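Understanding the architecture of this molecule
Read off the chains here:
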Amino acid sequence: MFRIKKRLLCCLLGLAVLFVAAGLYRGGARMAQGKRQQVQLPILMYHHILEDSALLGDYVITPGQFQKDMEYLKSKGYTTVLPREVIAYARGKGTLPEKPVMVTFDDGNKSTFVYALPILERLGMKAALAVIGIHSEQYSLTADGNVSYAHATWSELFEMENSGLMEIGNHTYNLHELSSPRRGTLRREGEDLSDYRRAIYDDLSTNQQLLQAATGEYPQFFAYPYGFIDPDADEVLEELGLVLTLGVAERVDTVVFADLSSIKKLGRFNRPHRADTGEFLEGIFSQMDPESGE
């Protein structure tokens, strides 16, 4: 009788071990599967922050509005992420928070340094800044630091990048134009493909080198001027290591684990002065699929 009970106890213990192992396996499988699920990523696009009410408009907001936007994101449980974090996830080497959001600034205006950085520091939030190199180059050589129109200097870009709260990216060296010498990075009508790619390469590589020299970090993301996207430039961007690219189409994108193609030509929502914080952000959140994401 004792032997039978002993065998029964051993069997029960064995079954318990198997159940625990199976549970751990399923849990691990769920975790691995969860990590590979698609993540919805809303991206906000800012340009200029000023206190002068006469200059406010579609691309200029007040410091107070920017702070309210950031506070609202925190109150809704969103965590700001940098392009390098999204790139790591798309490479299959990193994770993203449950509710990620990317805050981006275009152009490299000095106001980003003067107004945005202190707000990000106070709130512990992050943002990306796509820089037009020629403007930072010019304002680094002059004492004119009028925040209404000046661009961040090399030393200010260094401080922003090395704060750990901002990541500097490429917005072309000198192609941020509507018509001359070309429309952003678009290929001209009748332009030879090799000539076009050489022109784009020369401009973007110049900016890459300047920004790396200024910040100590090689830029990994690119924002298309005016959202002018030309697929003929894709090869150049890839060659220069500009892995994540940003457009201006207003949509929420889906980033896929271990899929770099999912972080190309990402959509963004421009933040105009006329919109209330809640109105602007809830309009974005309403476009998100509650069934999608991690």
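The rules behind each value
Every chain is numbered independently, its residues counted from 1 as its sequence is written. Only residues with pLDDT of at least 70 are given local features in this predicted model, and only at 80 or more are side-chain atom pairs given and counted; all residues enter the totals for whole chains, interfaces and linings. Only hydrogens and water are set aside; all other atoms, that is, all heavy atoms of the structure, feed into the side-chain values. Strands here are runs of E lasting at least two residues and helices are runs of H or I lasting at least four, both read from the DSSP assignment and numbered beginning at the N terminus. Exposure classes here rest on a 1.4 Å probe applied to the protein chains alone. A residue is buried below 20% of its type maximum, exposed above 50%, and partly exposed in between. Contacts between residues were defined by any pair of non-hydrogen atoms, one from each residue, lying within 4.5 Å. Nonpolar cores are built from buried Ala, Val, Leu, Ile, Met, Phe, Trp, Tyr and Cys residues. Side-chain atoms within 4.5 Å join them into one set. Here the axes come from fitting lines to C-alpha atoms, over the contacting stretch only for helices, and the angles between their N-to-C directions go from 0 to 180 degrees. It is the rotation of the near helix from the far one that decides the hand of a crossing: anticlockwise by less than a right angle makes it left-handed, clockwise makes it right-handed. Note on residue classes: Ala, Val, Leu, Ile, Met, Phe, Trp, Tyr, Cys and Pro are nonpolar, Asp, Glu, Lys and Arg are charged, and everything else, Gly too, is polar. Helix span, expected: 1.5 Å multiplied by one less than the number of residues in the helix. Any carboxyl oxygen of Asp or Glu within 4 Å of a side-chain nitrogen of Lys or Arg constitutes a salt bridge here. Roughly parallel refers to an angle under 35 degrees, roughly antiparallel to one over 145, roughly perpendicular to one between 65 and 115, and oblique to any angle outside these ranges. If DSSP finds at least two bridges between two strands, the strands pair.

**Concerning the overall build of the chain**
A count of helices and strands for the chain gives 9 helices and 12 strands. Across the 294 residues of the chain, 48% fall into the buried class. Considering only contacts in the chain between residues 6 or more positions apart, those separated by 24 or more positions represent 70%.

**Things to note about the nonpolar core**
Generally speaking, soluble globular proteins have nonpolar side chains that are buried together. Formed by 42 residues in total, the largest nonpolar core has its most connected members in Phe66 and Leu73. Here the element with the most residues in this core is helix 4 (residues 110-123); it accounts for 7 residues. When neighbours within four sequence positions are excluded, phenylalanine 66 is seen to be in contact with Tyr46, Ile49, Ile61, Val103, Phe105, Ala116, Ile119 and Leu120. In terms of nonpolar packing, the next biggest core, distinct from the first, is built from 21 residues, Leu41, Met102, Leu244 and Leu246 among them.

**A word on the packing of helix 4 against helix 6 (residues 154-161)**
The interhelical angle for the contact between helix 4 and helix 6, taken along N-to-C directions, is 40°, at an axis separation of 10 Å. At the point where helix 4 passes helix 6, the crossing takes the left-handed sense. For the pair helix 4 and helix 6, contact is made by Lys110, Thr112, Phe113 and Leu117 and by Glu156, Glu159 and Met160, respectively. Across the contact of helix 4 with helix 6, the residue classes break down as 3 nonpolar, 1 polar and 3 charged.

**Notes on helix 2 (residues 63-75)**
Relative to the 18 Å expected for 13 residues at 1.5 Å per residue, helix 2 spans 18 Å between its end C-alpha atoms, a close match to the ideal helical length. Tucked inside the fold, the buried residues of helix 2 contact strand 2 (43-46), strand 3 (48-49), strand 4 (60-61), strand 6 (100-107), helix 4 and helix 9 (277-285). Backbone geometry just after helix 2 places glycine 77 at a positive phi near 85°.

**Re helix 7 (residues 193-215)**
The terminal C-alpha atoms of helix 7, which comprises 23 residues, lie 32 Å apart, in line with the 33 Å expected from a rise of 1.5 Å per residue. Those residues of helix 7 lying buried are Tyr196, Ile200, Asp203, Leu204, Ser205, Asn207, Gln208, Leu211, Ala214 and Thr215. If you follow the buried residues of helix 7, they end up packed against strand 7 (127-131), helix 5 (133-139), helix 6, strand 8 (166-170), strand 9 (221-223) and helix 8 (234-239). Following helix 7 by one or two positions, glycine 216 has its phi on the positive side, about 85°.

**Considering the pattern of salt bridges**
Should their charged atoms come close, side chains of opposite charge can pair. All chains considered together, the criterion is met by 14 salt bridges. Ionic pairing is found between arginine 187 and aspartate 232, a salt bridge with its closest N-O pair at 2.9 Å. With a gap of 45 residues between them, arginine 187 in the loop between strand 8 and helix 7 and aspartate 232 in the loop between strand 9 and helix 8 connect regions that are remote in the sequence. Arginine 198 is paired through a salt bridge with aspartate 202; the nearest N and O atoms lie 3.4 Å apart. Here arginine 198 pairs with aspartate 202, and both are found in helix 7, just 4 residues apart, close to one helical turn. According to the relative accessible area criterion, aspartate 202 is partly exposed, its value standing at 37%. Among the charged side chains, a salt-bridge network with shared partners connects Arg84, Glu161 and Glu167.

**Describing the environment of glutamine 65**
By the element assignment, glutamine 65 lies in helix 2. Taking the C-alpha atoms as reference points, glutamine 65 and alanine 275, separated by 210 residues in sequence, lie 9.5 Å from one another. Contact partners of glutamine 65, with chain neighbours within four places excluded, come to Arg271, His273, Ala275 and Thr277.

**Overview of the packing of helix 6 against helix 7**
Taken N-terminus to C-terminus, the directions of helix 6 and helix 7 make an angle of 70°; their axes are 8 Å apart at the nearest point. One finds that helix 6 runs roughly perpendicular with respect to helix 7. Helix-helix and strand crossings are classified by hand; for helix 6 and helix 7 the assignment is right-handed. Contacts between helix 6 and helix 7 pair Trp154, Leu157, Phe158 and Glu161 from the former with Leu210, Leu211, Ala214 and Thr215 from the latter. Here the residues of the contact of helix 6 with helix 7 are counted per class, giving 6 nonpolar, 1 polar and 1 charged.

**Some remarks on the pairing of strand 2**
Side-chain positions along a regular strand alternate between the two faces of the sheet. Judged by which residues are buried, strand 2 turns out to be covered on both faces: Ile43 and Met45 on one side and Leu44 and Tyr46 on the other are all buried. Looking at chain direction, strand 2 and strand 6 are connected through 4 bridges and run parallel. If you follow tyrosine 46 over to strand 6, its bridge partner there is phenylalanine 105. In terms of strand pairing, strand 2 meets strand 12 (residues 269-270) through 2 bridges, oriented parallel. Within the sheet, the bridge partner assigned to methionine 45 lies in strand 12 and is asparagine 270.

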